[in-house]
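Examination of the molecular architecture
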Amino acid sequence: MKSYWRHEDRTRISVSLPCRKKSLGKARGIVKKFAVSHGFAGDAEDIALAAQEALKNIIQHACPADNTMRFFCTISDGTMVVEVVDYGMGFDLAAVEEEPSSPLALHGRGLKLINGLMDEVSIKSGQNGTVVHMEKRLKEHV
Amino acid sequence: MEIEVEEKEGYNIVTPNGELDVYTVPLFRKVTLKLEGDRRHDLILDLTKLTYIDSSGLGSLIETYQKVHAAKGDVAFVIDNPRILKILKLVNLDQVFRIYPNVGRALQAVGVSGGYVDEEFFSDRNS
């Protein structure tokens, strides 16, 4: 598939990208630009990294049949929301949220990074896919 | 990303320049794994020229740390970028890695071979 993104209005953008590693840099750039354009310049790198980590999880674990990963960026009431969505097989949340056994474990720190970088994070996963919901509040709104 | 490798005071100093992420980790691994075959096992990872790191980059730092330690070597990290330090702290690696603000401090802390200290090197670098 080809990647595309659409500004639904000034405060929302929806993006679809092929489910492959090459898409991660593009996604990071799109999220960062959107964040900066809405006053989140100071947190843009954090938000973009969190989005990239969520998308990387899809590539590594979800394997959606349509080979597509989607995300939405929305600005509402001083908060930037990023939702990363896939229609893959879902996964066991308990296993993913389990802390790595040691800081030196080779894997399992993507979600820890997301939680540390964003103000609010929630994940819903089931047979029909997964939604990672992440929020960052503007500093003056905190 | 470019990676500089320098030998100083018996240590290999590896300086990745740019972003250490899912795209550049293969190059970083190639360089550090090559050094692993070096009889001088001790390593200083100078991350002062690193502009970005993701979870893949963190994994490659851990892998390098573990392999050098398995060979009874020593590793020190040089980090002066608050953002890179913040990322390491989020995953508690600051509690495991030995982190210094410049290469001179790192060399002093890990014990330069023979007790020799290159004062000029220490004062010039990252000052």
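Keep in mind that what you see is a predicted model, and the values were worked out from it rather than measured. (Residues numbered from 1 in each chain as written. Chains lettered and ligands numbered in written order. Predicted model: local features only at pLDDT ≥ 70, side-chain atom pairs only at ≥ 80, totals over all residues.)

Moving on, we get to the overall build of chain B. In terms of regular secondary structure, chain B is built from five helices and six strands. Along chain B, helices and strands appear, N-terminal first, in the series β-β-α-β-β-α-β-α-β-α-α. Of all 127 residues assigned to chain B, the portion counted as buried reaches 36%. For chain B, restricting intrachain contacts to residue pairs at least 6 apart in sequence, the fraction spanning at least 24 positions comes to 66%. (Helix = DSSP H or I, 4+ residues; strand = E, 2+ residues; numbered from the N terminus. Buried ≥ 20, exposed ≤ 12 C-beta atoms within 10 Å, placed from the backbone. Contact = placed C-beta atoms within 7 Å.)

Moving on, we come to the interface of chain B and chain A. Chain B puts 16 residues into the contact, and the matching count from chain A is 17 residues. Of the residues forming the side of chain B that touches chain A, the biggest block, six residues, is contributed by helix α2 (residues 55–70) of chain B. For the side of chain B that touches chain A, the residue count by class is eight nonpolar, five polar and three charged. (Nonpolar A, V, L, I, M, F, W, Y, C, P; charged D, E, K, R; others polar.)

Attention shifts here to helix α3 (residues 82–90) of chain B. All names here are of chain B. Those residues of α3 not exposed but buried are Ile 84, Ile 87 and Leu 88. Projected down its long axis, α3 shows its buried positions confined to an angular sector of 100°, all on one face. Along its buried surface, α3 packs onto β4 (50–53). Positioned one or two residues after α3, Asn 92 has a phi angle of 65°, which is positive. (Arc of directions from axis to C-beta.)

Turning our eyes to something else, we now look at the nonpolar core. All names here are of chain A. Counting 66 residues, the largest nonpolar core has Ile 47, Ala 50 and Ala 51 as the members making the most contacts within it. Among the elements that line this core, the one with the most residues is helix α2 (residues 44–62), at nine residues. If near-sequence neighbours (up to four positions away) are discounted, Ala 51 is found in contact with Ala 27, Arg 28, Val 31, Phe 71, Val 82 and Val 84. (Core = buried A, V, L, I, M, F, W, Y, C linked by C-beta atoms within 7 Å.)

Next up on the list: the pairing of strand β1 (residues 2–8) of chain B. Taken residue by residue, a regular strand's side chains alternate between the two faces of the sheet. All names here are of chain B. Within β1, only zero of the seven residues are buried, which leaves it mostly out in the open. Relative to strand β2 (residues 11–20), β1 runs antiparallel, the two being bridged by seven bridges. Paired with Val 5 across the strands is Val 14, a residue of β2. (Pairing = 2+ DSSP bridges.)

All names here are of chain A. Packing of α2 against helix α4 (residues 110–117) leaves a shortest axis separation of 9 Å and a crossing angle of 150°. Of the possible angle classes, the one that applies to α2 and α4 is roughly antiparallel. The two elements α2 and α4 meet at a crossing, and its hand is left-handed. Taken together, the residues of α4 that come into contact with α2 (itself represented by Asp 46, Leu 49, Ala 50, Glu 53, Ala 54, Lys 56 and Asn 57) are Gly 110, Leu 113, Ile 114 and Leu 117. In the contact of α2 with α4, the residues fall into six nonpolar, two polar and three charged. (Axes fitted to C-alpha atoms, helices over the stretch in contact; angles between N-to-C directions. Parallel < 35°, antiparallel > 145°, perpendicular 65-115°, else oblique. Left-handed = near helix turned anticlockwise from the far one by under 90°.)

Before going further, it helps to spend a moment on the environment of Asp 42 of chain B. Residue and element names in this part refer to chain B. Following the sequence through the fold, Asp 42 ends up in the loop between α1 (25–36) and β3 (43–46). Counting along the chain gives 32 residues from Asp 42 to Asp 74, while the straight-line C-alpha distance between them is 4.6 Å. Sequence-distant contacts of Asp 42, that is, excluding residues within four places in its chain, are made with Gly 10, Tyr 11, Gly 73, Asp 74 and Val 110.

Attention shifts here to the confidence of the model for chain A. Looking at chain A as a whole, its pLDDT mean stands at 87, while 86% of the residues score no less than 70. The lowest-confidence element of chain A is helix α3 (residues 93–97) of chain A, averaging 66 in pLDDT; the highest-confidence one is strand β4 (residues 79–86) of chain A, averaging 96. (pLDDT = per-residue confidence, 0-100.)

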